[in-house]
Amino acid sequence: MDKKIVATTSLAGCFGCHMSLLDIDERILDLIELVEFNKSPIDDIKTFTKHCDIGIVEGGCASSENVHVLKEFRKNCTTLIALGECAIMGGLPALRNTIPITECLEEAYLNGLTTKDNNPDRIMPNDEDIPMMLDRVYPIRELVKVDYFLPGCPPSADLIWNALTALILGKEMELPYEMIRYD
Amino acid sequence: MSTKVVIDPVTRVEGHGKVTIHLDDNGAVTQSRLHIVEFRGFERFVQGRPYWEVPVLVQRLCGICPVSHHLAGAKATDQIVGAGTGDGLSPTAEKMRRLMHYGQIFQSHALHFFHLSSPDLLFGIDGPIATRNVIGVALEHKDLAVQGVMMRKFGQEIIKVTAGKKIHGTGAIPGGINKNLSIEERDKFLDGKDLPNVDQMIDWSEGAIDFFKDYHKKNREMVDNFSAFPSNNLSLVRADGAMDLYHGLLRAVDSEGKKIFDDAPYQEYYNLIGEGVKSWSYMKFPFILSLGQENGWYRVGPLARLNTVDFIPTPQAQKRFEEFRAYANGKPSRICLLTHWARLIETLHAAEMMKELLNDPDLQGTELVRTGTRQGEGIGLIEAPRGTLFHHYHVDENDQITMCNLIVSTTNNNEPMNRAVNNVAVAQMTGQEEITEPMMNAVEVAIRAYDPCLSCATHAVGRMPLEVSLVDTNGTVIAEAKK
């Protein structure tokens, strides 16, 4: 069997979903027999070098860069998976959605207890070399079509393993009720 | 013609950190910057939330060492419920938290060494790109890869039985912990039936130190001169001068080992530490107030901790600490790449601590929570795997948070990482017309030694992809290299 090609990325997430993928432990050695990783933090491939069978996206979209990367993933992956709470719903970073982004920035850079007396020129991050933050944090399905949603914060290693191996082997996913958790 | 080199660690449009280097007409480096391109706004959006949500909310900013945020947040809420500042918990609660924390240190350090650093050591900094990653290690050095996987698993399993989940657990609550450790849970780590036991973890940690020392012996010239520079050092230290990663007093020493401050209760951290802001990064620049922003920057993390403490309170790690100190002639080490050595000594210490705690009958105690007089303010500090982590909250009479100030570990290392990038850029790129792959990897190696959690992007499961462009001042790309 040809190896399936897999790409992964973390947008506005905490990398906990990628860590949960690593929590498959010894099964990692089985996984690399089944898949070839393309663009992913797991290797040195920085841009898509070929079309991928499976794209795994952790995190929602909080900045212009996140949106760009997400669209690249949709374009280059046959099947796109939203992995975890942030990709599916925006997650914890989306708690800022009820607050103007300016207020969030001012709290961090102007009003912070250890910052306010040490920023006399009232400098805020604003530079051509850093991306702009979006007005709010967007779940990825609001920007692209998503094929599978794997819930959890993070989804458990067993859930990721079952879903991924089913997709790779072309079988139906067996995800027992107790494996579907939202915490 | 002046030029600007852009190194974008997680590709040019993706990710969380990138580097720019400016060169003047003569090819001399005039400016180097590490840009952090992520912003969450936690300090603002946590306002209005009830304080007891803190331990489970804040950890979701980092899935790589969530336990550190979980515990620093819990320590802050201990103070709010009147359970004191590190001394008011029941023995069961404090020791459960310590076990959770040392499990976290162990798994995070193992991940960094085996999944991230070992490819550089095994295949060389200029080794073939195709194999110089964790998959290459798994395919070509299977025994070592399995060891790394099992060490990380052991730490994660410890976290699971203390926090309830491997990632984003709920174990620590204001004033204590919500479970103790059953005999059955404990024995899993001691009897070696389900997974290699804690003695095996101690042995593997010793083996990893020997592995690094052997590498150091063979590459001494490179390691010792690679982006080495003096700095101040900061960490929590136990009252008697011992390493204590869960609790202690703040100590800062300068590059010669002279104390800048010592025995400082962390409740007054804001009289000691300030943070500067620069327009080109979302990450702030902490410094020691008495020395000012220009000279007051400092290192945190494994190297800084081994530079600040007087001793390590477990026998095998203490022996290794003495070797480390002897190599630096008893002074603070300024060698960037020896952070790996320091990190592995801490890994061994964490394994010894886990063994000590697992055998402590207090973990089967039943007093889980203590509370006292309610306070309106809570401050929690902890030594996270990557360095000192600060959490500070004010709450009102409705239990809602009104103020939050966070200084996360990697932020403390902002200035040192920028200096490391500059040193490598000057050493590697001065006067060069072509940017080669080894030059890019050298910059990457310097950043990686700090194990930065650039919003947790780059050090997770592999190497940072890099792209370097040499562009002129009009923005025209002169040369481009990818790896």
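Quick notes on the rules
- Residues numbered from 1 in each chain as written.
- Chains lettered and ligands numbered in written order.
- Predicted model: local features only at pLDDT ≥ 70, side-chain atom pairs only at ≥ 80, totals over all residues.
- Heavy atoms only, no water.
- Domains from an automatic or database assignment.
- Contact = heavy atoms within 4.5 Å.
- Buried area = accessible area lost by both parts, 1.4 Å probe.
- Salt bridge = Lys/Arg side-chain N within 4 Å of Asp/Glu carboxyl O.
- Polar contact = N/O pair within 3.5 Å; in protein donor to acceptor, adjacent residues only side chain to side chain.
- Helix = DSSP H or I, 4+ residues; strand = E, 2+ residues; numbered from the N terminus.
- Nonpolar A, V, L, I, M, F, W, Y, C, P; charged D, E, K, R; others polar.
- Core = buried A, V, L, I, M, F, W, Y, C linked by side-chain atoms within 4.5 Å.
- Buried < 20%, exposed > 50% of the residue type's maximum accessible area, 1.4 Å probe, protein only.
- Lys, Arg positive; Asp, Glu negative; His and termini not counted.
- Pairing = 2+ DSSP bridges.
- Axes fitted to C-alpha atoms, helices over the stretch in contact; angles between N-to-C directions.
- Phe/Tyr/Trp six-rings, centres within 6.5 Å; stacked < 30°, edge-to-face > 60°.

1. Description of the domain arrangement of chain B
Residue and element names in this part refer to chain B.
Working step 1: You can read the domains of chain B as domain 1 (3–37 + 413–482) and domain 2 (42–411).
Working step 2: Counting residues at the interface gives 34 residues for domain 1 and 40 residues for domain 2.
Working step 3: Taking both sides of the interface into account, the surface hidden between domain 1 and domain 2 amounts to around 3300 Å²; carbon and sulfur atoms contribute 58%.
Working step 4: Glu415 is the salt-bridge partner of Lys278, the closest N and O atoms lying 4.0 Å from each other.
Working step 5: At the junction of domain 1 and domain 2, the tally comes to nine residue pairs in polar contact (both at pLDDT 80 or more).
Working step 6: Looking at the side of domain 1 that touches domain 2, the elements that each hand over two or more residues are strand S3 (29–36), helix H15 (414–429) and helix H16 (437–448).
Working step 7: A per-element tally of the side of domain 1 that touches domain 2 places H15 first, with nine residues.
Working step 8: Its residues assigned to classes, the side of domain 1 that touches domain 2 comprises 19 nonpolar, eight polar and seven charged.

2. Describing the nonpolar core
Residue and element names in this part refer to chain B.
Working step 1: Judged by nonpolar contacts, the single largest core of 125 residues is most densely connected at Phe39, Phe42 and Phe154.
Working step 2: Each of domain 1 (3–37 + 413–482) and domain 2 (42–411) accounts for three or more of the residues forming this core.
Working step 3: Once residues lying within four places of it in the same chain are set aside, the contact partners of Phe154 are Phe106, Phe189, Leu195, Pro196, Asn197, Val198, Met201 and Met354.

3. Observations regarding the pattern of salt bridges
All names here are of chain B.
Working step 1: By the definition in use, this model includes 39 salt bridges over all chains.
Working step 2: Notably, a salt bridge pairs Glu157 with Lys166, separated by 3.3 Å at the nearest N-O pair.
Working step 3: Note on Glu157: relative accessible area 9%, which makes it buried.
Working step 4: On the basis of relative accessibility, which here comes to 17%, the residue Lys166 falls in the buried class.
Working step 5: Taken together, the shared-partner salt bridges connect Glu206, Asp210, Lys213, Arg320 and Glu323 into one network.

4. Quick look at the side chain of Glu43 of chain B
Working step 1: With respect to the secondary-structure elements, Glu43 of chain B resides in helix H1 (residues 42–45).
Working step 2: Buried charge without a salt bridge: Glu43 of chain B, with Lys284 of chain B as the nearest opposite-charge side chain at an N-O distance of 4.6 Å.
Working step 3: Dropping the residues within four chain positions of it, Glu43 of chain B is found in contact with Glu107 and Ala108 of chain A together with Cys404, Asn405 and Leu406 of chain B.

5. Some thoughts on the environment of Cys61 of chain A
Working step 1: Relative to the helices and strands, Cys61 of chain A resides in strand S4 (residues 61–63).
Working step 2: Counting along the chain gives 119 residues from Cys61 of chain A to Ile180 of chain A, while the straight-line C-alpha distance between them is 24 Å.

6. Thoughts on the sheet that holds strand S7 (residues 148–150) of chain A
Two strands in a sheet stick together by hydrogen bonds in their backbones, pointing the same way (parallel) or opposite ways (antiparallel).
All names here are of chain A.
Working step 1: Pairing within the open sheet is parallel, and its five strands lie in the order S2-S1-S3-S5-S7. Each end of this open sheet is capped by a strand with a single partner; those strands are strand S2 (35–37) and S7. For this sheet, the mean angle separating the axes of adjacent strands, direction not counted, is 30°.
Working step 2: The sheet contacts of helix H2 (residues 27–34) involve strand S1 (4–10) and S2, and relative to S2 the element is tilted by about 90°.
Working step 3: Contacting S1, strand S3 (52–58) and strand S5 (77–83), helix H3 (residues 64–76) runs over the sheet at an angle of about 135° to S5.

7. With respect to the interface of chain A and chain B
By convention, interface size is frequently given as the accessible area that disappears when the constituent parts associate.
Working step 1: Each partner contributes residues to the interface: chain A has 60 residues there, and chain B has 80 residues.
Working step 2: For the chain A and chain B pair, buried surface summed over both sides reaches about 6100 Å², with 61% attributable to carbon and sulfur atoms.
Working step 3: Between chain A and chain B we count four salt bridges in total.
Working step 4: The salt bridge partner of Lys153 of chain B is Glu26 of chain A, with a shortest N-O separation of 3.2 Å.

8. Points about the packing of aromatic side chains
The geometry of an aromatic ring pair is captured by the separation of the ring centres together with the interplanar angle, meaning the angle of the planes.
Working step 1: Evaluation of the coordinates by the stated rule reveals 16 aromatic pairs over all chains.
Working step 2: Between Phe48 of chain A and Phe73 of chain A, the ring centres sit 5.0 Å apart and the planes meet at 70°, which makes this aromatic pair edge-to-face. Separated by 25 residues along the polypeptide, Phe48 of chain A in the loop between S2 and S3 and Phe73 of chain A in helix H3 bring together distant segments of the chain. The pair Phe48 of chain A / Phe73 of chain A is uniform in exposure class, with both members buried.
Working step 3: Look at Phe106 of chain B and Phe154 of chain B: their rings are 6.2 Å apart centre to centre, the planes differ by 75°, and that puts the pair in the edge-to-face class. Taken together, the residues Phe106 of chain B in helix H4 (residues 91–123) and Phe154 of chain B in helix H6 (residues 142–163) connect sequence positions 48 residues apart.
Working step 4: Relative accessible area serves as the criterion here: at 0%, Phe106 of chain B is assigned to the buried category.
Working step 5: Clustering of aromatic rings is evident, with ring pairs tying together Tyr109 of chain A together with Phe39 and Tyr282 of chain B.

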